[in-house]
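Here is what each chain is made of, one letter per residue.
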Amino acid sequence: MDDLQSRLRTGLPDDALITDPDVMASYAHDMASFCASGTPAAVVLPRTVEQVQHVMRTATALRVPVVPQGARTGLSGAANAIDGCVVLSLTKMDRILEISAVDRTAVVEPGVINAVLSRAVADRGLFYPPDPSSWEMCTIGGNIGTASGGLCCVKYGVTAEYVLGLDVVLADGRLLRTGRRTAKGVAGYDLTRLFVGSEGSLGIVVRAVLALKPAPPVQLALAAEFPSAAAACEAVCAIMERGHAPSLLELMDRTTLRAVNALAHMGLPETTEALLLAAFDTPDPAADLAALGAVCTEFGATEVVPADDAAESELLLKARRLSLTALEAVKTATMIDDVCVPRSKLAAMLDGTAAIAEKYDLTIGVCAHAGDGNTHPVVCFDAADPDESRRARESFDEIMALGLELGGTITGEHGVGVLKKEWLARELGPVGVELQRSVKAAFDPLGILNPGKLF
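Residues numbered from 1 in each chain as written. Predicted model: local features only at pLDDT ≥ 70, side-chain atom pairs only at ≥ 80, totals over all residues. Heavy atoms only, no water.

### Describing the sheet that holds strand β4 (residues 86-89)
Note the threshold: Criterion used throughout: strands pair if DSSP finds at least two bridges between them. Segments assigned H or I by DSSP are reported as helices when at least four residues long, segments assigned E as strands when at least two residues long, and all are numbered from the N terminus. Residues count as neighbours in contact if any of their non-hydrogen atoms are within 4.5 Å of one another. Axes, fitted as lines to C-alpha atoms, cover a helix only where it is in contact. Angles between the N-to-C directions of the axes lie from 0 to 180 degrees.
Spatial strand order, β1-β2-β4-β3: four strands in an open sheet with mixed pairing. One side of each edge strand has no neighbouring strand; the edge strands of this open sheet are β1 (17-18) and β3 (66-69). Along the sheet, helix α3 (residues 49-62) contacts β2 (42-44), β3 and β4; its crossing angle with β4, the most-contacted strand, is approximately 165°.

This is the structure:
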């Protein structure tokens, strides 16, 4: 450890290296439950590409593992330290280097906060669509590492669709530039997409070229109450089948609604079994909302409440934004699942999750990016109760198994990390795992980049 810290110091400013055990402990893990974390030998907060290269050259020379981190808002343990590692926190590399209205691109360092970038480009009449729920805290580098999504994915897609190019420091310290700054480009293998979602296991992203869109009109929202989750899901399928293009289409089940009521006293009807929230950012959102509201009524909505302006829209969406906070208040701990299924299977996913909650005698609330089938079942449990903790973990696994049975995937936007690596093997199969490990070995032959994650 002394040799490692001594070598790191030779290429870093004093404030970039942390060796105090108490401070290092604060960098040990992200926000995931049931994910072990270790004790790092050092924490480095670089400010330049050259400093990142120095860390990786040192780690390669000493065969020391490196765990890259952003803001540690992740929910899969992907940023968790392992014993004796170097934690490489990219949060100090937080400059927006360029915004081009002509090219509709931004060039940023990995530590830029999502919301900071969104506001900066909005000032130029532009729009960066990916908006994870932690957007006020999470970093662009972390978003790239886990291929984050958000509320507007139904219309605008996820992070991967906005990453045009990357600068990446490889395990041995070499600098790789992938992708392009142009609107089009198909030269060679798409290494950029390979790094997006790789959870820091292939290289360290130190710069990103991101695609932007023109700022859309202010969106208007509506809320539709349904007597069953199945009816709400049928409405979602009809909305998508008939060609509607909402900028947001979210669903909350009865358990989540009651939790939000208990926390915020919003007066949501206790008889509502599911609440569907939709929004449009089109030139005539009121007309689009009226058409979508008619679909909801056709499929059994008992109440459809459209907003008249942006302020009312935000009020309607407040319940969805409070979902996780409200469910966290139900018990002392939560496990947040991230199973994505085909839209046509959304009702089966929600009904199956409700059955799992009853089987294990647990509170499991579901909020979902309904428009793209990405469900977030939140298992609430008492962390001090061993039996309840066991049931929580078993129910979490059953939810993932249900998702795979319905033709889905174990993660739509949170990543694999430590939490789901056994399930990744089940989803990919032996041939898929073998090939992915081969890719990992090509980029990181010593296996020092974020070991123990994904596989």
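### Topic: the pattern of salt bridges
Rules: Basic side-chain nitrogens of Lys or Arg form a salt bridge, by our definition, when they fall within 4 Å of a carboxyl oxygen of Asp or Glu. To sort residues, take the accessible area from a 1.4 Å probe on protein chains only and compare it with the maximum for the residue type: under 20% means buried, over 50% means exposed, and anything in between is partly exposed.
All chains considered together, the criterion is met by 20 salt bridges. When the shortest N-O distance is used, the salt bridge between R181 and E98 registers 2.7 Å. Taken together, the residues span a long stretch of sequence, with R181 in the loop between β9 (175-179) and α7 (191-195) and E98 in strand β5 (residues 96-100) at a distance of 83 residues. Among the residues examined, E98 registers a relative accessible area of 30% and is labelled partly exposed. Here E250 makes a salt bridge to R320, at a shortest N to O gap of 2.7 Å. Separated by 70 residues along the polypeptide, E250 in strand β13 (residues 248-253) and R320 in helix α11 (residues 310-321) bring together distant segments of the chain. Each of the two residues, E250 as well as R320, counts as buried.

### Concerning the sheet that holds β5
The five strands lie next to each other as β5-β6-β10-β8-β9, forming an open sheet whose pairing is antiparallel. Lying at the two open borders of the sheet, with one neighbouring strand each, are β5 and β9. Looking at each pair of strands side by side, their axes are set apart by 10° on average, direction ignored. For strand β6 (residues 105-108) and strand β10 (residues 204-211), the ladder comprises four bridges, and the chain directions are antiparallel. Note that in β10 the partner of T105 across the bridge is A211. Here α3 sits on the sheet in contact with β8 (163-169), β9 and β10, set at roughly 140° to β10. Along the sheet, helix α4 (residues 114-122) contacts β5, β6 and β10; its crossing angle with β5, the most-contacted strand, is approximately 35°.

### What to know about the pairing of β10
Burial of β10 is extensive: seven of the eight residues sit out of reach of the surface. For β8 and β10, the ladder comprises six bridges, and the chain directions are antiparallel. Among the inter-strand pairings, G165 is bridged to a residue of β10, identified as V209.

### What to know about the packing of helix α1 (residues 2-9) against α3
We apply this condition: By definition in this entry, angles of less than 35 degrees are roughly parallel, angles greater than 145 are roughly antiparallel, angles of 65 to 115 are roughly perpendicular, and the rest are oblique. Throughout, a crossing is termed right-handed when the near helix is turned clockwise from the far one, and left-handed when it is turned anticlockwise from it by less than a right angle. Residue polarity is assigned by list, with Asp, Glu, Lys and Arg as charged and Ala, Val, Leu, Ile, Met, Phe, Trp, Tyr, Cys and Pro as nonpolar; anything else, Gly included, falls into the polar class.
Following both chains from N to C, one finds α1 and α3 inclined at 150°, their axes separated by 10 Å at the closest point. When the axes of α1 and α3 are compared, the pair comes out roughly antiparallel. Remark: the crossing between α1 and α3 carries right-handed chirality. Contacts between α1 and α3 involve D3, L4, R7 and L8 from the first element and H54, V55, T58, A61 and L62 from the second. Looking at side-chain class alone, the contact of α1 with α3 contains five nonpolar, two polar and two charged residues.

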